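As a plain string of letters, each chain reads:
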Amino acid sequence: MNVAKRLFKIFGPIILAAVLLLAVLLSPFSFGLNHISKDTEKKAAVSLSANVLKGRLVKRQALDDGYVPFFGSSEWSRFDPMHPSVLATKYHRNYRPFLLGARGTQSLTQYFAMQSVKKQITNKKAVFVISPQWFVPQGTRKDAFSYYYSPLQTIDWLQDEQNTAMDRYAAQRLLQMPSGSSDRILEGALARVAAGFKPTSAQMTYINYKARVLGSEDEFFSRFGIAGKNLRTVNAQANKLPATYNFNQLNQLAGKIGAAQTDSNSLEISNQFWNTKLKRNYKRLKDSQRHLNYTKSPEFADFQLVLNQFAKTHTDVLFIIPPINQRWSAYTGLSMKMIAQFDKKIQYQLKSQGFNNVLDLTQDGGKDYFMTDTIHLGWRGWLAVDQKVDPFLTKKTKPVHYQINDDFYSKEWQLLKPSEIKDFE
């Protein structure tokens, strides 16, 4: 056997497979790949997978099938018996949460994640958790944004951008991230949008080509790698609940579970979190958060992108502002006065634009077993959320009327002291 034949025997199947895969990705036909099973939907809804957040097919199909997007970050990973996904499963609610977010996801990531499901959230409902910890002076971390970034979302957005203040600001922010320069042609298109121009015809040709390739890749690969671990956890937690929903009974159970799971410390922090994260560093963390400030941040403008998108799609949204564990804040010196000022500023940004469905829990961090750790809701905190979420999602959607104010993209607003809000008006 000559060398050429031996090489073909070794590499021929690999080359053929690559050619066939390329043909599938470039083909205008779906080959049945644009559908996922109901079982995959269930797993994806609670998977907290970065690939699900970045992808398109799984989110679109699940939301088309009646799942409700729950946008947020690391709070969703605290699966105790009162978690929204557990309660919805146990009591057969007429909605199912689709959890979108994990550790490190903030407003900018959520805005781009929305770009692939604009149709699915139009005239629908959503839940959005606003974490005060996002609003640090440096804003979203570039490495965290890069981890959740998807060029497919950027492509979806560029195909629909209309040279609005929202589009220009989004382009400017993306160019400030390493992800924005990961593709030279897209970087050039972003620069034009940021400057108030449409992408060139050549850039749009490339964008449309990438849309087909990346869309086919998403259809081909998105169904893989969605672990079922969290779904099994949800089902296991649901088995701990009484057969019939009764708030008083559940509240007592939440207190009982919370007491049992926080008995290693005086801060009502879960034993697992205390033993693995805090115990060894506890003494040096005394007064360590005295200088934290959540009232001046580019996150306020990034959050405006989210509000602007919800307004554009006429989405009826319930916003949840979680508290800080007040036992923890007293120990670390985190200013509750500053938290109140943050709350004033974010509430003004919401309500002055017509986003009036707000569950403000910032004053509840001192209640027993309300928090599972330093900043995340737990047992009774989730029950308080459920008291608002369930009726909000169960009732029929009403038409929403928002009045978007582009001044919320400005540096002035990002850096404005809450005490100066009247001057901003």
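The chain appears in an unreviewed UniProt entry as Protein DltD from Lactiplantibacillus plantarum. Quoted verbatim from the Sequence similarities (unreviewed entry) field of the UniProt record, the comment on the chain reads "Belongs to the DltD family." Annotation of the chain in UniProt includes, under Pathway (unreviewed entry), the sentence "Cell wall biogenesis; lipoteichoic acid biosynthesis."

Draft legend 1. Looking closely at the nonpolar core. Among the nonpolar cores identified, the biggest contains 81 residues, and Phe98, Phe128, Ile130, Phe303, Phe310 and Phe319 are the most heavily contacted of them. With eight residues, helix α16 (residues 299-312) is the single largest residue contributor to this core. In contact with Ile130, other than residues within four places in its own chain, are Phe135, Phe303, Phe319, Ile320, Ile321, Pro322, Phe342, Ile346 and Leu350. Judged by nonpolar contacts, the second largest core, of 37 residues, contains Val86, Leu250, Leu318 and Phe370.

Draft legend 2. Representation of the pattern of salt bridges in the model. If you walk through the whole model with that rule in mind, you get 13 salt bridges. We note a salt bridge from Arg78 to Asp373, for which the minimum N-O separation is 3.2 Å. Of this pair, Arg78 sits in the loop between β1 (67-71) and α5 (84-90) while Asp373 sits in the loop between β5 (358-360) and α19 (379-394), placing them 295 residues apart in sequence. For Asp160, the salt bridge is made with Lys312, and the minimal N-O distance between the two is 3.8 Å. Here Lys312 lies in helix α16 and Asp160 lies in the loop between α9 (151-158) and α10 (165-175), a separation of 152 residues in the sequence. Exposure remark for Asp160: the relative accessible area of 30% places this residue in the partly exposed category. Residue Lys312 is classed as partly exposed on the basis of its relative accessible area of 33%. One continuous salt-bridge network, built from bridges that share partners, spans Arg93, Asp386 and Asp390.

Draft legend 3. Seen up close, the sheet that holds strand β2 (residues 96-100). Strand order across the open sheet formed by five strands is β2-β1-β3-β4-β5, with parallel pairing between neighbours. Two strands lie at the open edges of the sheet, namely β2 and β5, each paired on one side alone. Taking each pair of neighbouring strands and ignoring which way they run, the sheet shows an average axis angle of 20°. Direction of pairing for strand β4 (residues 316-321) relative to β5: parallel, over a ladder of three bridges.

Draft legend 4. Layout of the packing of helix α6 (residues 107-114) against α16. Between α6 and α16, the least distance of the axes is 8 Å, while the angle of their chain directions is 25°. As the angle between them shows, α6 and α16 are arranged roughly parallel. The hand of the α6/α16 crossing is left-handed. Packed against α6, whose contacting residues are Ser107, Leu108, Tyr111 and Met114, the element α16 presents Glu299, Asp302, Phe303, Leu305, Val306, Gln309 and Phe310 at the interface. A class-by-class count of the residues in the contact of α6 with α16 yields seven nonpolar, two polar and two charged.

Draft legend 5. Geometry of empty space enclosed by the protein. Scanning the entire structure with this criterion turns up six cavities of 30 Å³ or more. Looking at the largest cavity, its volume works out to about 50 Å³. Forming the boundary of the largest cavity are Ala44, Ser47, Leu48, Ser49, Ala50, Val52, Leu53, Leu99, Leu100, Gly101, Ala102 and Tyr148. Those elements that place two or more of their residues in the lining of the largest cavity are α2 (38-47), α3 (50-54) and β2. With three residues, α3 is the single largest residue contributor to the lining of the largest cavity. Looking at side-chain class alone, the lining of the largest cavity contains nine nonpolar, three polar and no charged residues. In this structure, the second largest cavity encloses a volume near 50 Å³. Taken together, Asn51, Val52, Gly55, Arg56, Leu57, Val58, Lys59, Asp218, Ser222, Phe224 and Ile226 make up the full set of residues lining the second largest cavity. Of all the elements in the fold, those that place two or more residues in the lining of the second largest cavity are α3 and α4 (57-64).

Draft legend 6. Layout of a negative patch on the surface. Together, Asp406, Asp407, Glu412, Glu420 and Asp423 make up a negatively charged patch on the protein surface. Position of Asp423 among the secondary structure elements: in helix α21 (residues 421-424). Residue Asp423 is classed as exposed on the basis of its relative accessible area of 66%.

Calculation notes
Residues numbered from 1 in each chain as written. Predicted model: local features only at pLDDT ≥ 70, side-chain atom pairs only at ≥ 80, totals over all residues. Heavy atoms only, no water. UniProt positions renumbered as here; feature names shortened; annotations may be inferred. Core = buried A, V, L, I, M, F, W, Y, C linked by side-chain atoms within 4.5 Å. Buried < 20%, exposed > 50% of the residue type's maximum accessible area, 1.4 Å probe, protein only. Helix = DSSP H or I, 4+ residues; strand = E, 2+ residues; numbered from the N terminus. Contact = heavy atoms within 4.5 Å. Salt bridge = Lys/Arg side-chain N within 4 Å of Asp/Glu carboxyl O. Pairing = 2+ DSSP bridges. Axes fitted to C-alpha atoms, helices over the stretch in contact; angles between N-to-C directions. Parallel < 35°, antiparallel > 145°, perpendicular 65-115°, else oblique. Left-handed = near helix turned anticlockwise from the far one by under 90°. Nonpolar A, V, L, I, M, F, W, Y, C, P; charged D, E, K, R; others polar. 1 Å grid on protein atoms, 1.4 Å probe; cavity = no way out; pocket = protein on both sides within 12 Å on 5 of 7 lines; lining within 4 Å. Points joined across faces, edges and corners; volume = space filled by probe spheres on them. Patch = residues over 30% accessible without salt bridge, like charges linked within 9 Å, V, L, I, M, F, W, Y side chains within 5 Å. Areas by Shrake-Rupley, 256 points an atom, 1.4 Å probe, with all protein chains shown as cover. Lys, Arg positive; Asp, Glu negative; His and termini not counted. Charge placed at Lys NZ, Arg CZ, Asp CG, Glu CD.

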